[in-house]
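Reading the structure
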Amino acid sequence: SMKTFEKISETFQRRYGPPADKKFINEQMGMAASATWNTNRGEVWIILVPVTADTAFVNFGFVPK
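Below is a summary of the structure that appears in this document. Computed from a predicted model, the values in this text were never measured in an experiment.

Another point: the pairing of strand 4 (residues 56-64). Bridge count for strand 3 (residues 42-50) against strand 4 is nine bridges, and the pairing is antiparallel. The partner of Leu48 across the bridge, within strand 4, is Val58. Counted between consecutive antiparallel strands, the loop separating strand 3 from strand 4 contains five residues.

Following this line, the structure appears as structure tokens:
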């Protein structure tokens, strides 16, 4: 899941530039991460959320202005 998060983040970074905010958190349940990019049209975001110590899910989206 972290590799997927990084690949999508790299794709977004090529398109939107460096993220406005990027965080990695080592929680008891596992690794969590988030990144956001501010664009003229709104905010692009991606998150990595731990489900168990060994699994996580990645979600991304866009919030228009």
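Here helix 1 (residues 2-16) contains 15 residues, and its C-alpha end-to-end distance of 20 Å stays within 8% of the 21 Å for a straight helix at 1.5 Å per residue. Positive phi appears at Gly17, one or two residues downstream of helix 1, with a value of about 90 degrees.

Bringing the side chain of Thr39 into the picture now. Tracing the backbone shows Thr39 in the loop between strand 2 (30-38) and strand 3. Assessed through its relative accessible area of 17%, Thr39 is described here as buried. Setting aside chain neighbours within four positions, we find Thr39 in contact with Tyr16, Val44, Phe62 and Lys65.

Moving on to the packing of aromatic side chains. According to the stated counting rule, one finds four aromatic pairs in the structure shown. Arranged with centres 5.4 Å apart and planes meeting at 85 degrees, the rings of Phe12 and Trp37 form a pair that is edge-to-face. Taken together, the residues Phe12 in helix 1 and Trp37 in strand 2 connect sequence positions 25 residues apart. The exposure classification of Phe12 matches that of Trp37, with both residues buried.

So, about the pattern of salt bridges. Taken as a whole, this structure holds two salt bridges when the rule is applied. The partner of Glu6 in a salt bridge is Lys22, and the shortest N-O contact between them spans 3.7 Å. Taken as a pair, Glu6 in helix 1 and Lys22 in strand 1 (residues 21-27) lie far apart in primary sequence, 16 residues in all. Of the residues examined, Glu6 reaches a relative accessible area of 24% and is grouped as partly exposed. The class of Lys22 is partly exposed, set by a relative accessible area of 33%.

Thresholds applied
Residues numbered from 1 in each chain as written. Predicted model: local features only at pLDDT ≥ 70, side-chain atom pairs only at ≥ 80, totals over all residues. Heavy atoms only, no water. Pairing = 2+ DSSP bridges. Helix = DSSP H or I, 4+ residues; strand = E, 2+ residues; numbered from the N terminus. Expected span 1.5 Å × (residues − 1). Buried < 20%, exposed > 50% of the residue type's maximum accessible area, 1.4 Å probe, protein only. Contact = heavy atoms within 4.5 Å. Phe/Tyr/Trp six-rings, centres within 6.5 Å; stacked < 30°, edge-to-face > 60°. Salt bridge = Lys/Arg side-chain N within 4 Å of Asp/Glu carboxyl O.

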